[in-house]
Amino acid sequence: AYTLGTILELIGDAPRAEAALRDAVRLSPNHKDANWALGNLLLREGRTDESIQFLRSAARVDGSLYPILYEQFNLAAGGEPKFADRLTASDPLARLNLALYLVEKSQFDRSIQLFIQVDPSVANRSDLTPRILSSLIDAGSAYAAKQLWTDLRSTPPAKREALFWNGDFE
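About the cut-offs
- Residues numbered from 1 in each chain as written.
- Predicted model: local features only at pLDDT ≥ 70, side-chain atom pairs only at ≥ 80, totals over all residues.
- Heavy atoms only, no water.
- Buried < 20%, exposed > 50% of the residue type's maximum accessible area, 1.4 Å probe, protein only.
- Helix = DSSP H or I, 4+ residues; strand = E, 2+ residues; numbered from the N terminus.
- Arc of directions from axis to C-beta.
- Contact = heavy atoms within 4.5 Å.
- Patch = residues over 30% accessible without salt bridge, like charges linked within 9 Å, V, L, I, M, F, W, Y side chains within 5 Å.
- Areas by Shrake-Rupley, 256 points an atom, 1.4 Å probe, with all protein chains shown as cover.
- Salt bridge = Lys/Arg side-chain N within 4 Å of Asp/Glu carboxyl O.

Trainee: Quick question: what am I supposed to make of helix H8 (residues 108-117) here?
Mentor: One turn of an α-helix holds 3.6 residues; hence residues three or four places apart share an orientation. Ser-111, Ile-112, Leu-114 and Phe-115 are the residues of H8 that are buried. Down the axis of H8, the smallest arc covering the buried residues is 160 degrees, so these residues share one side. Away from its buried face by more than 90 degrees, H8 exposes Asp-109 and Ile-116.

Trainee: I would appreciate a short explanation of the environment of Ser-111 in the present structure.
Mentor: Relative to the helices and strands, Ser-111 is located in helix H8. Sequence-wise, Ser-111 and Leu-96 are 15 residues apart; in three dimensions their C-alpha atoms are separated by 8.6 Å. The residues contacting Ser-111, other than those within four sequence positions of it, are Ala-99, Leu-102 and Val-103.

Trainee: When you look at the environment of Leu-102 in this model, what are you seeing that I'm missing?
Mentor: As for its placement among the helices and strands, Leu-102 is situated in helix H7 (residues 92-104). In this structure the C-alpha to C-alpha distance between Leu-102 and Tyr-70, which are 32 residues apart in sequence, comes to 9.2 Å. In contact with Leu-102, other than residues within four places in its own chain, are Gln-107, Arg-110, Ser-111 and Leu-114.

Trainee: Could you clarify how one ought to interpret a nonpolar patch on the surface in this entry?
Mentor: Nonpolar side chains collect at one region of the surface, where Ile-7, Leu-10 and Ile-11 lie side by side and expose about 370 Å² of accessible area between them. You can see Leu-10 is positioned in helix H1 (residues 2-10). Exposure remark for Leu-10: the relative accessible area of 76% places this residue in the exposed category.

The values are spatial; any link to function lies outside them.
Shown next, in the form of structure tokens:
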């Protein structure tokens, strides 16, 4: 179904290509290429809202697609933040990927805001965190990187209180 869909799209039969690609995604929901092809077909047709779920699914399977995805939506949506938020909604790894993308585009404030929204336990385990912090340092935002790292590594306030077991005598 995926191959048929791509062939139909190449010959200009978008409606049948869409049907074939939808079949491919239905049969194999984690098929990166089928999701990516269907999402791009919908995006080219101006059906941005519909395309998001398929492009996001493809990027979840292959994280290297996130920068391409953000670039596409940055161009298609004219840099509108709401599309980036919808692309990363409830997906902390997608948020970290977008934070890295934004640092590389010198959009430090938006990048930092996205990074802060990610659960610290996810950010601590992700290989994207050192890349984000290093990119901030390289861009001259060492203080922001240090603050993010400190906040990420600090003990949460609820656990800090539990450290003082004898009435804060220490």
